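Architecture and fold: a report
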Amino acid sequence: MGRGKIEIKRIENSSNRQVTYSKRRNGIIKKAKEITVLCDAKVSLIIFGSSGKMHEYCSPSTTISDLLDGYQKTSGRRLWDAKHENLSNEIDRIKKENDSMQVKLRHLKGEDINSLNHKELMVMEEALQNGLSSISAKQSEILRMVRKNDQILEEEHKQLQYALHQKEMAAMGGNMRGIQEEVYHQRERDYEYQMPFSLRVQPMQPNLHERM
């Protein structure tokens, strides 16, 4: 007995649906690889599962972009509008410009210069000399700025030292005045202490003046 014909409709059971998807996806990719090898065909295959996960296959002899371009030319259908096409052209232009700049950078480093002629080498030498002159000028400017900042800082340091010295002198002057005043008051106290003693000496000889 042969296998019965399977009705093509959505599989309701999620587990069975996932198993069937995996088997048939692998089968389609296998067939795409076989036709590529057997018939020298260019095949591009893109599959999105229900979960959104993508699987793809493209013949080794081509790319998906090339196949899409070929599809547009053959079918006459535009897969993207002029805006996207202009953007793609701009990206290509930037890539080429970047590649050219990378080559020039290697030349400026002294790499891969064997292919350059005498005129190109002279142009490169002039560019390097101009760059060196600009760098030297910038270094001199930075050095002048550093020296100027050092002078400003040194002047500010001197001013701070002078102000600190003035404060110290003012503090010392105040202390000297305090010491002098303390000495003066001490002398007054000593004098006041001695006065009663002198006065006590006079009454001990009340008749001294009469005797003389």
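The structure contained in this document is the topic of the report that follows. Nothing here was measured: the structure is a model prediction, and the numbers come from that model.

**With respect to the side chain of glutamine 72**
- Inspection of the secondary structure assignment puts glutamine 72 in helix H2 (residues 64-75).
- According to the relative accessible area criterion, glutamine 72 is buried, its value standing at 16%.
- Ignoring anything within four residues of it in the chain, the contact list for glutamine 72 reads Arg77, Arg78, Leu79 and Trp80.

**Some thoughts on the pattern of salt bridges**
- Evaluated as defined, the whole model comprises 5 salt bridges.
- Between arginine 93 and glutamate 90 there is a salt bridge, with its nearest N and O atoms 2.5 Å apart. Placement of both arginine 93 and glutamate 90 in helix H3 (residues 82-108) is noted, with a separation of 3 residues, approximately one turn of the helix.
- Since its relative accessible area comes to 35%, glutamate 90 is described here as partly exposed.
- For glutamate 154, the salt bridge is made with lysine 158, and the minimal N-O distance between the two is 4.0 Å. Of the two residues, glutamate 154 and lysine 158 both sit in helix H4 (residues 118-201), 4 residues apart, roughly one turn of that helix.

**Remarks on helix H1 (residues 14-39)**
- Helix length check: H1, at 26 residues, gives a terminal C-alpha distance of 37 Å against a target of 38 Å (1.5 Å per residue), a fit within 8%.
- Of the positions making up H1, those classed as buried are Arg25, Ile29, Ala32 and Thr36.
- Packed against the buried residues of H1 are strand E1 (44-48) and strand E2 (54-58).
- Looking at where H1 begins, the residue whose side-chain oxygen comes 3.0 Å from the main-chain nitrogen of serine 15 is asparagine 13.

**Looking at the pairing of E2**
- The pairing of E1 with E2 spans 5 bridges and is classified as antiparallel. Among the inter-strand pairings, leucine 45 is bridged to a residue of E2, identified as tyrosine 57.
- A loop of 5 residues connects E1 with E2, the two strands running antiparallel in sequence, and glycine 52 in this loop sits at a positive phi of about 95°.

**Details of the nonpolar core**
- Counting residues in hydrophobic clusters, the biggest one holds 6 residues: Ile29, Ala32, Val43, Leu45, Ile47 and Tyr57.
- Apart from residues lying up to four places away in sequence, isoleucine 29 is in contact with Leu45 and Tyr57.

**What about unusual backbone geometry?**
- Phi is positive for aspartate 40, close to 55°, though the residue is something other than glycine.
- Within the secondary structure, aspartate 40 sits in the loop between H1 and E1.

**Quick word on the environment of asparagine 13**
- Structurally, asparagine 13 is set in the segment before H1.
- The class for asparagine 13 is partly exposed, based on a relative accessible area of 40%.
- Here asparagine 16 takes part through its backbone nitrogen, which lies 3.0 Å from a polar atom of the side chain of asparagine 13.

How each quantity is defined
- Residues numbered from 1 in each chain as written.
- Predicted model: local features only at pLDDT ≥ 70, side-chain atom pairs only at ≥ 80, totals over all residues.
- Heavy atoms only, no water.
- Helix = DSSP H or I, 4+ residues; strand = E, 2+ residues; numbered from the N terminus.
- Buried < 20%, exposed > 50% of the residue type's maximum accessible area, 1.4 Å probe, protein only.
- Contact = heavy atoms within 4.5 Å.
- Salt bridge = Lys/Arg side-chain N within 4 Å of Asp/Glu carboxyl O.
- Expected span 1.5 Å × (residues − 1).
- Polar contact = N/O pair within 3.5 Å; in protein donor to acceptor, adjacent residues only side chain to side chain.
- Pairing = 2+ DSSP bridges.
- Core = buried A, V, L, I, M, F, W, Y, C linked by side-chain atoms within 4.5 Å.

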